[in-house]
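Each chain, letter by letter, is given below.
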Amino acid sequence: MSQTATNQTPSQIPVTILTGYLGSGKTTLINHILSVQHGHRIAVIENEFGEEGIDNELLVQDRDEQIIEMNNGCICCTVRGDLVRILNELSAKKADGRITFDRVIIETTGLADPAPVAQTFFVDDDIRQNFILDAIVTTVDAKHAPDQLDQHHEAQEQVGFADRILLTKSDLVSEQQLQDLRARLTKINPKAGILQAKHGETDIDHILDIQGFNLNAILEIEPDFLDEDAHAHSHDDHIASFVFSEQRALDPDRLEEVLAVIVEKFGTQLLRYKGVLNVDGMPHRIIVQGVHMLVGSAAGSAWRKDETRQSKFVFIGRDLPKDVILAGLQSCIVE
């Protein structure tokens, strides 16, 4: 299986992908990051500069490379060229001291599928050596999200990919509407923490060091998130999620075969999948996660003698055959 993520090395720069549907507050958040003093040195790569909020912050502009250094330690780049090229240029300029930063935030367009951006950090050797993907953060417009989720599959996919969701414009809806939206977002993606951004702004620390793509990070998955009684409304969302949960050990050889088949057959439909597995004969957890057809595994922390070993595996995807996938994983159980 292809490796998707490993432990971060001291030389790797953590990267956050910021996505969200049109008008959900990404640009407001980026302008906030570029204009306030937050103590971080961040390179922000965006599709185009915001129309306001940064002009008076400009210190140095390199028109050829489209890189602007801000007086708060941030660096802003436009994505008019190839992302790999821009990241490699940033890395080279950091190495020879021309610019200084210790994090990267990439803003995608409002209609973008985050997967190709995420996959960049797994398939390019130079990028993989110098950067590590920390998390995908998705902004959601609380006022317009219900209609957007109903009408646009991109909005559902952006929620499905998220490691963290930032609710914007929540002051424009009632508490009940907010609760209904939270329930719907949780049903689509149970693993993403949901926070509210006030006036499109949030504490920058809320979107950093999430370790959503760190295979060795501790993963908690709630198996009962699909309790229908907890949801006031039912929606025919194409993006949905489910959890495989099992206390009995899984056979390692059979598990590898089943996961290979799942990825081969349904990889294009799988957005994110992530699991902590109890594998027979292993004294430690096995951590597995993937994006589409890129999947990797690593050894997690050791099982304690006084704890119950349990596998939890969450799948988030488009029109996934839940019964088929669960049956395949159940065939891995060691009786």
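Right above here is the structure, for reference.
These lines cover the structure that appears in this document, whether it is placed above or below. Counting restarts for each chain, with residues numbered from 1 along the sequence as it is written. With the structure being a predicted model, the display of local features is reserved for residues of pLDDT at least 70 and the display and counting of side-chain atom pairs for 80 or more, all residues being used for whole-chain, interface and lining totals. Only hydrogens and water are set aside; all other atoms, that is, all heavy atoms of the structure, feed into the side-chain values.

**Concerning unusual backbone geometry**
One non-glycine residue, Asp 209, lies in the positive phi region at around 55°. Positive phi, normally seen in glycine, also occurs at His 292, with a value near 50°. The numbering of helices and of strands both runs from the N terminus, where a helix is a DSSP run of H or I of at least 4 residues and a strand a run of E of at least 2. Its place among the elements puts His 292 in the loop between strand E12 (284–291) and strand E13 (294–302).

**Thoughts on the nonpolar core**
Counting 51 residues, the largest nonpolar core has Ile 45, Leu 90, Val 104, Phe 121 and Leu 185 as the members making the most contacts within it. Counting residues per element, this core draws most heavily on helix H3 (residues 115–123), which supplies five residues. Once you skip the residues sitting within four places of it in the chain, Leu 90 turns out to touch Ala 43, Ile 45, Ile 67, Cys 77, Ile 99 and Phe 101. Working definition of a nonpolar core: buried Ala, Val, Leu, Ile, Met, Phe, Trp, Tyr and Cys residues. They are joined through side-chain atoms within 4.5 Å. Only protein chains enter the accessibility calculation, which uses a 1.4 Å probe. A residue is then buried if its area is under 20% of the maximum for its type, exposed if over 50%, and partly exposed in between. Core analysis: the second largest hydrophobic core is formed by 24 residues, Ile 286, Phe 313, Phe 315 and Ile 325 among them. Contacts between residues were defined by any pair of non-hydrogen atoms, one from each residue, lying within 4.5 Å.

**A look at the pattern of salt bridges**
Salt bridges are identified by distance alone: a Lys or Arg side-chain nitrogen within 4 Å of an Asp or Glu carboxyl oxygen. Evaluated as defined, the whole model comprises 16 salt bridges. Asp 209 is paired through a salt bridge with Arg 103; the nearest N and O atoms lie 2.9 Å apart. Of this pair, Asp 209 sits in the loop between strand E9 (193–196) and strand E10 (239–246) while Arg 103 is found in strand E6 (residues 103–107), placing the two residues 106 residues apart along the sequence. Classification of Arg 103 by relative accessible area gives buried; the value is 13%. Arg 254 is the partner of Glu 257 in a salt bridge, and the nearest nitrogen-oxygen pair spans 3.7 Å. Remark: Arg 254 and Glu 257 occur in helix H8 (residues 252–266); sequence separation between them is three residues, near one turn of the helix. A relative accessible area of 35% means that Arg 254 is categorised as partly exposed. It is possible to trace a salt-bridge network through shared partners that takes in Asp 163, Lys 191, Arg 272 and Lys 274.

**A closer look at H8**
What a helix should span is 1.5 Å times the count of its residues minus one. With 15 residues, H8 ought to run about 21 Å at 1.5 Å a step, and its terminal C-alpha atoms sit 21 Å apart, in line with that. Where H8 is concerned, the buried positions are Leu 255, Val 258, Leu 259, Ile 262, Val 263 and Phe 266. Looking straight down H8, one finds that the buried residues subtend no more than 130° of arc, so they occupy a single side. Seen from the buried face of H8, the exposed residues on the opposite side, beyond 90 degrees, are Asp 253, Glu 264 and Lys 265. Looking at the packing, one finds that the buried side of H8 touches strand E11 (270–277), E12, E13, strand E14 (311–318) and helix H9 (322–330). Along the arc lie the directions from the helix axis toward the C-beta atoms.

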